[in-house]
Amino acid sequence: MLAWDDIRLIRAVAETRNLPAAAARLGLDHSTVFRRLRQVEAQLATKLFERHRSGYALTPAGEEMAALGARMEQDISGVTTRILGQSIAPSGEVRLATSDSLLAELLMPMLLRLRARHPGIQLDLVTGNAALNLSRRDADIALRATEQPPPTLVGRRVARIAWALYGTAGQAGTARPDWVGLGDNLAGLQVVQALREVPPGRLAGRFDTVLGLAGAVAAGLGIGHLPCFLGDAWPVLQRLAPPEPAFASDLWLLTHPDLRQAPRIRPVMDLLAEEIALQRPLIEGERPRLVEPADS
């Protein structure tokens, strides 16, 4: 039985047509290649090469052996590539923390594409407005609206979230519409501070999530400020005023420094950053059409 090294030797001699060059390619000395070639021919009881002035030429039997070697090398290369690809493919659980509105209106289609590209990744989604401690591994990645990310985290600013005033078609024509807004659990947002200027008698309700607030506006409970990626995505809602620059906030994709190069984390961060970049016009409120309310 011939070994793979014997097949490689035959291929090297066939391609170089001389023993010194074949020896250099294989990392052997000339005498070793000469001796092993004679041993292979003896084992097969046939000549594989004819020696001419121009070099070593394959016999018909040698051509068959060289062709076999080419097929074997191709098969070995293919299997090795597939195994290496499997070993470096990202896999494992990734805990992603974000808000309910970002998940529902932005992330969900992106997660579908993430699943198609990296089927070895299993996502654990954590929604809520409370800031999780990534240093304690409450989450691996956070997609958050914040003006000042914690100094213990690393990441990138992927967009700036625009906020505008929204209502339904019926509310747009109301002289003195009621208002709805966010609760004090989100007091860090400037839009919550501005809600205090609304007379108490016209404040119909506060909500502790942005998605809940959007539902209230859509139901006709009152007009209210919403992120443009949410307000512009719901057909029942109409923008009543241009985005308010003072209410805008940065959207950050964050992780812990120890995790940013992890094989299961980096592909998720990269894909989300790419996908969010495509949605920046929506997130940043680049839509010209407005419906002016009769009197806010």
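The structure we're discussing is the one just above.
From a predicted model like this one, the values you see are computed outputs, not experimental measurements. (Residues numbered from 1 in each chain as written. Predicted model: local features only at pLDDT ≥ 70, side-chain atom pairs only at ≥ 80, totals over all residues. Heavy atoms only, no water.)

Further remarks concern the overall build of the protein. The helix and strand tally for the protein stands at 11 helices and 12 strands. Considering only residue pairs separated by 6 or more positions, the protein has 73% of its internal contacts joining residues 24 or more positions apart. When the accessible surface of the protein is split by element, carbon and sulfur atoms take 54% of a total near 15500 Å². (Helix = DSSP H or I, 4+ residues; strand = E, 2+ residues; numbered from the N terminus. Contact = heavy atoms within 4.5 Å. Areas by Shrake-Rupley, 256 points an atom, 1.4 Å probe, with all protein chains shown as cover.)

The final tally for this structure, using the stated rule, is one aromatic pair. Note on Phe 49 and Tyr 56: the rings are 6.1 Å apart at their centroids and 75° apart in plane angle, and the pair reads as edge-to-face. Each member of the pair Phe 49 and Tyr 56 is classed as buried. (Phe/Tyr/Trp six-rings, centres within 6.5 Å; stacked < 30°, edge-to-face > 60°. Buried < 20%, exposed > 50% of the residue type's maximum accessible area, 1.4 Å probe, protein only.)

Along the chain, Arg 239 turns up in strand 11 (residues 238–239). Among the residues examined, Arg 239 registers a relative accessible area of 1% and is labelled buried. Separated by 3.4 Å, the side chains of Arg 239 and Tyr 166 make a polar contact. A polar side-chain atom of Arg 239 sits 2.5 Å from a polar atom in the side chain of Asp 232. (Polar contact = N/O pair within 3.5 Å; in protein donor to acceptor, adjacent residues only side chain to side chain.)

Look at helix 1 (residues 4–16) against helix 2 (residues 19–26): their axes get within 8 Å of each other, and the N-to-C directions meet at 130°. With respect to helix 2, the element helix 1 is oriented oblique. Relative to helix 2, the crossing made by helix 1 is right-handed. In contact with Arg 8, Leu 9, Ala 12, Val 13, Glu 15 and Thr 16 of helix 1, helix 2 contributes Leu 19, Ala 21, Ala 22, Arg 25 and Leu 26. (Axes fitted to C-alpha atoms, helices over the stretch in contact; angles between N-to-C directions. Parallel < 35°, antiparallel > 145°, perpendicular 65-115°, else oblique. Left-handed = near helix turned anticlockwise from the far one by under 90°.)

Before going further, it helps to examine the sheet that holds strand 10 (residues 224–227). In a beta sheet, neighbouring strands pair by backbone hydrogen bonds and run either parallel or antiparallel. Reading across the sheet, the three strands line up as 10-7-11 and stay open at both edges, with antiparallel pairing between neighbours. With partners counted over all chains shown, the strands left at the sheet margins are strand 10 and strand 11, one partner each. Direction of pairing for strand 7 (residues 163–167) relative to strand 11: antiparallel, over a ladder of two bridges. Paired with Gly 167 across the strands is Gln 238, a residue of strand 11. The strands that helix 8 (residues 210–219) touches are strand 7 and strand 10; relative to strand 10, the one it contacts most, it runs at about 130°. (Pairing = 2+ DSSP bridges.)

This part is about the pattern of salt bridges. Pairs can form between side chains of opposite charge once their charged atoms are near each other. If you walk through the whole model with that rule in mind, you get 19 salt bridges. Between Arg 36 and Asp 6 there is a salt bridge, and its shortest N-O distance comes to 3.8 Å. Within this pair, whereas Arg 36 is found in helix 3 (residues 30–44), its partner Asp 6 is found in helix 1, the two being separated by 30 residues in sequence. Here Asp 6 falls in the buried class, since its relative accessible area comes to 15%. Residues Arg 280 and Glu 284 are paired through a salt bridge, measuring 2.9 Å at the closest nitrogen-oxygen approach. The exposure class of Glu 284 is partly exposed, given its relative accessible area of 23%. Look at the salt bridges and you will find they share partners, linking Arg 11, Glu 15, Arg 25 and Glu 73 into a network. (Salt bridge = Lys/Arg side-chain N within 4 Å of Asp/Glu carboxyl O.)

Among the residues of helix 2, those classed as buried are Leu 19, Ala 22, Ala 23 and Leu 26. Along helix 2, the residues classed as buried sweep out an arc of 100° about the axis, all on the same side. Here the buried face of helix 2 lies against helix 1, helix 3 and strand 2 (55–58). Between the side-chain oxygen of the N-cap and the backbone nitrogen of Ala 21 there are 2.8 Å, and the N-cap of helix 2 in question is Asn 18. Gly 27 sits one or two positions beyond helix 2 and adopts a positive phi of about 75°. (Arc of directions from axis to C-beta.)

For the rest of this paragraph, the subject is the sheet that holds strand 4 (residues 121–127). Taken in spatial order, the five strands line up as 4-3-5-12-6 in an open sheet, and their pairing is mixed. Edge strands, defined here as strands with exactly one partner in the open sheet, are strand 4 and strand 6 (154–161). Averaged over neighbouring strand pairs, the angle between their axes works out to 20° when direction is ignored. In this structure, strand 5 (residues 141–145) lies alongside strand 12 (residues 249–255), joined through five bridges in antiparallel fashion. In the sheet register, Arg 144 faces strand 12, and the bridge partner there is Trp 252. Sheet contacts for helix 10 (residues 266–278): strand 3 (92–98), strand 4, strand 5, strand 6 and strand 12; angle to strand 6, the most-contacted strand, approximately 20°.

So far we have only geometry, and geometry alone does not tell us how the molecule works.
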